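# Report on the structure
What follows is the residue order along each chain.
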Amino acid sequence: MKHNFHIRKTKNDTVFNLFKKKNSNIQQEWQTKGAEYASAVNEMIRFADEHGWDKWKGRDPSG
């Protein structure tokens, strides 16, 4: 006897896919914001090394 099995999409499959997509967006946001923060910190340190910390007039990076 031959059986044909079909995977059926359920409501839970849709919720799970939405959860995965949401997590992916959060991960991407963290990576982007982390890179921006690290870049700002590096710029501040580069400036301070070259000109001195007392000459830094820019904003301190915020995370």
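That block above? That's the structure.
Here is a short report on the structure shown in this document.

Definitions and cut-offs
- Residues numbered from 1 in each chain as written.
- Predicted model: local features only at pLDDT ≥ 70, side-chain atom pairs only at ≥ 80, totals over all residues.
- Heavy atoms only, no water.
- Phe/Tyr/Trp six-rings, centres within 6.5 Å; stacked < 30°, edge-to-face > 60°.
- Salt bridge = Lys/Arg side-chain N within 4 Å of Asp/Glu carboxyl O.
- Helix = DSSP H or I, 4+ residues; strand = E, 2+ residues; numbered from the N terminus.
- Buried < 20%, exposed > 50% of the residue type's maximum accessible area, 1.4 Å probe, protein only.

Right, let's talk about the packing of aromatic side chains for a bit. Under the defined criterion, the tally for this structure stands at 1 aromatic pair. With a centroid separation of 5.5 Å and an interplanar angle of 65 degrees, the aromatic rings of Phe47 and Trp56 are classed as edge-to-face.

A word on the pattern of salt bridges. Considering all chains together, one arrives at 3 salt bridges under this definition. Residue Glu29 pairs with Lys33 through a salt bridge whose shortest N-O separation is 3.1 Å. Of this pair, Glu29 and Lys33 both sit in helix H1 (residues 11–51), separated by 4 residues, roughly a single helical turn. Overall, Glu29 belongs to the partly exposed group, its relative accessible area being 43%. The closest approach of N and O atoms between Arg46 and Glu50, which form a salt bridge, is 3.1 Å. Highlighted residues: Arg46 and Glu50, both in helix H1, separated by 4 residues, approximately one helical turn. Classification of Arg46 as partly exposed rests on a relative accessible area of 40%. Taking the relative accessible area as the measure of exposure, Glu50 reaches 53% and is therefore exposed. Through salt bridges with shared partners, a single network forms among Glu43, Arg46 and Glu50.

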